[in-house]
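What follows is the residue order along each chain.
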Amino acid sequence: MAALGMLVEPAKSELQGAAEDLKIAVQRMATCIRAADAAELGEGLIQIREVGIDPLEAVFAKGLRRFDKSGEYKADGALSAVAWVRERCNLSGGAAAERVNVARQLETLPQIEKALAKGNVGYQHVALIARAAENVGSAPVQKEEQNLLKAAQTMDPGRFAAVAKGFEHRVDAAAALLEANHAYERRYLHLSEPQNGMVRLDGMLDLEGGATLKAALSALMPPPANDDDRTPGQRRIDALVDLARRPLDGSKLGTVGGQRPHLLITASAETLLGLKGAPPAEMAGVGPIPMETAQRLACDPTVSWLLGQAELESESASDAHRQIPAATRRALVARDRDCVFNGCHRPAIWCDGHHLVWWTRGGKTALPNLALVCGRHHRMLHEEGWTLERKDGRWVTRPPGHRVPTNARSA
Ligand SMILES: [Zn+2]
Ligand SMILES: [Zn+2]
């Protein structure tokens, strides 16, 4: 028969042999884990990650880097390396993109690649470092490679994520603001039509929105009583519905349990002054935030501040300084009536007293230095580069790119 030659088994490649050895090692591990007693199991699980999964991720990254560069994925009809990994390695789009980014960034981060290969640092930590390198470029990460690696080895990924983010803010505050603004654009809330007797809620919040909602919900969620058999998820959704009911019940808008939910921001004096290379401001519960966001929140008297160790004593003084006295607020509402931004007119109850010369730059909490603006427009002023000034009793707003120095504004 003519086809007989094709039945001859081709010689095994080195790679196929290694894959078979790996399979055998995995089977042996499975057998041992099945047989291990509870005391041994913990060590076994640690070994699976340190000797198995993490070093294999390093090998995967090295291979993927060469595969990516070669463009060989096109032979499979994939349009990109990410698409190929998603399709052929059974990963979600997000997980595939992360693997490709790790592969690309580790090329310039040899110490981190080596640590992953040896199982001295976890894959999740490495993915966070690669992400920082993608956002701010590899050069600043290379400079800090040793320090980031040390931090990664001593912290869980959650805490390390805040460190990596803080590093990004320090290196490139403008890029961090851009990323925060992109994240803000992706916010949404979807409420479904009723289905099977339920309404589905899903959405995404930017960091500040998330911190605000978390603070409000936790104020409405006292520790559960003994006979409270609700799940944490049920308690959270009940708190959200409680929150929604408040304004409808005639409770004061924005108050929870008689108090506005507090956001806490920690910042150094250098940060508030916007000095280059200053550590980023941090919002309790969500980590680093752009300096511009911190400066906007400085206009909000309900946000609490911790001004770095050295300035702790002056904290109450600073709070008193930016707090708008009731009489000033009344005069502000009487003068501006509603949001002063071009044709917005959102009512005063939804508006902040924005400081024209920012509070953080020495602006006074006095009527001539204040403007009533709604939350959306307040954000555009601080984070999106818009400017606002009062000229001959009229408000003038300018889009980004027409920036005037803040200290040139009339107060
Ligand atoms: Zn403001
Ligand atoms: Zn407005």
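(A) Fine view of the coordination of the zinc ion (ligand 2). Coordination of the zinc ion (ligand 2) by the protein comes from Cys339 (SG), Cys344 (SG), Cys374 (SG) and His377 (ND1), over a distance range of 2.0 to 2.3 Å. Sequence spacing of the donor residues for the zinc ion (ligand 2), all on one chain, is C-x4-C-x29-C-x2-H. Of the two residues, Cys344 sits in the loop between α16 (326–336) and β7 (351–355) while Cys374 sits in strand β8 (residues 370–374), which places them 30 residues apart along the sequence. On the basis of relative accessible area, Cys374 is assigned to the buried category, the value being 1%.

(B) Up close: the sheet that holds strand β6 (residues 304–306). In spatial order, the strands read β5-β4-β3-β6; together these four strands make up an open sheet with mixed pairing. The sheet terminates laterally at β5 (287–289) and β6, the two strands that pair on one side only. Shown here is a sheet whose adjacent strand axes are inclined to one another by a mean of 35 degrees, direction ignored. Sheet topology note: the strand β4 (residues 281–283)/β5 ladder contains three bridges and is antiparallel. Its bridge partner lying in β5, Glu282 is registered against Pro288.

(C) The arrangement of the nonpolar core in detail. Val102, Leu106, Val141 and Phe160 are the most contacted members of the largest nonpolar core, which totals 36 residues. If you list the elements that add at least two residues to this core, you get α2 (38–70), α3 (81–88), α4 (93–106), α5 (110–117), α6 (123–136), α8 (145–154) and α9 (157–171). In terms of residue count, α6 provides more of this core than any other element does, eight residues in total. Beyond its immediate chain neighbours, meaning those up to four positions away, Val141 contacts Leu109, Ile129, Ala132, Ala133, Val136, Leu148 and Phe167. With 18 residues, the next largest nonpolar core counts Ala348, Leu356, Cys374 and Trp395 among its residues.

(D) The pattern of salt bridges, seen in detail. Within the structure shown, the criterion is met by 18 salt bridges. Ionic pairing is found between Arg104 and Asp68, a salt bridge with its closest N-O pair at 2.6 Å. Here Arg104 is found in helix α4, whereas its partner Asp68 is found in helix α2, with 36 residues between them in sequence. Arg104 gets classed as partly exposed once you look at its relative accessible area, which sits at 44%. A relative accessible area of 13% places Asp68 in the buried class. Between Arg88 and Asp76 there is a salt bridge, with the nearest N and O atoms lying 2.7 Å from each other.

(E) How the structure looks around the packing of helix α10 (residues 173–185) against helix α17 (residues 375–383). Remark: α10 packs on α17, axes separated minimally by 12 Å, with the N-to-C direction vectors making an angle of 160 degrees. By the angle between their axes, α10 is roughly antiparallel relative to α17. Between α10 and α17 lies a crossing whose hand is left-handed. For the pair formed by α10 and α17, the contact residues are Leu177, Ala180, Asn181, Tyr184 and Glu185 on the first element and Arg376, Arg379 and Glu383 on the second. Of the residues belonging to the contact of α10 with α17, the class tally is three nonpolar, one polar and four charged.

(F) Region of the structure containing the layout of surface pockets. A volume near 940 Å³ is recorded for the second largest pocket. Of the residues assigned to the lining of the second largest pocket, the class counts are 18 nonpolar, seven polar and 13 charged.

(G) A look at the coordination of the zinc ion (ligand 1). For the zinc ion (ligand 1), every protein donor is listed as Cys299 (SG), His354 (ND1), His378 (NE2) and His382 (NE2), and the spread of their distances is 2.0 to 2.3 Å. Angles of 100 to 115 degrees at the metal separate the four donor atoms of the zinc ion (ligand 1), which places the site in the tetrahedral class. One chain supplies every donor for the zinc ion (ligand 1), spaced along it as C-x54-H-x23-H-x3-H. With a gap of 28 residues between them, His354 in strand β7 and His382 in helix α17 connect regions that are remote in the sequence.

Calculation criteria
- Residues numbered from 1 in each chain as written.
- Chains lettered and ligands numbered in written order.
- Predicted model: local features only at pLDDT ≥ 70, side-chain atom pairs only at ≥ 80, totals over all residues.
- Heavy atoms only, no water.
- Donors = N, O, S within 2.8 Å, 3.2 Å for Na, K, Ca; no water.
- Helix = DSSP H or I, 4+ residues; strand = E, 2+ residues; numbered from the N terminus.
- Buried < 20%, exposed > 50% of the residue type's maximum accessible area, 1.4 Å probe, protein only.
- Pairing = 2+ DSSP bridges.
- Axes fitted to C-alpha atoms, helices over the stretch in contact; angles between N-to-C directions.
- Core = buried A, V, L, I, M, F, W, Y, C linked by side-chain atoms within 4.5 Å.
- Contact = heavy atoms within 4.5 Å.
- Salt bridge = Lys/Arg side-chain N within 4 Å of Asp/Glu carboxyl O.
- Parallel < 35°, antiparallel > 145°, perpendicular 65-115°, else oblique.
- Left-handed = near helix turned anticlockwise from the far one by under 90°.
- Nonpolar A, V, L, I, M, F, W, Y, C, P; charged D, E, K, R; others polar.
- 1 Å grid on protein atoms, 1.4 Å probe; cavity = no way out; pocket = protein on both sides within 12 Å on 5 of 7 lines; lining within 4 Å.
- Points joined across faces, edges and corners; volume = space filled by probe spheres on them.
- Tetrahedral: all angles 85-135°; square planar, octahedral: opposite > 155°, others 65-115°.

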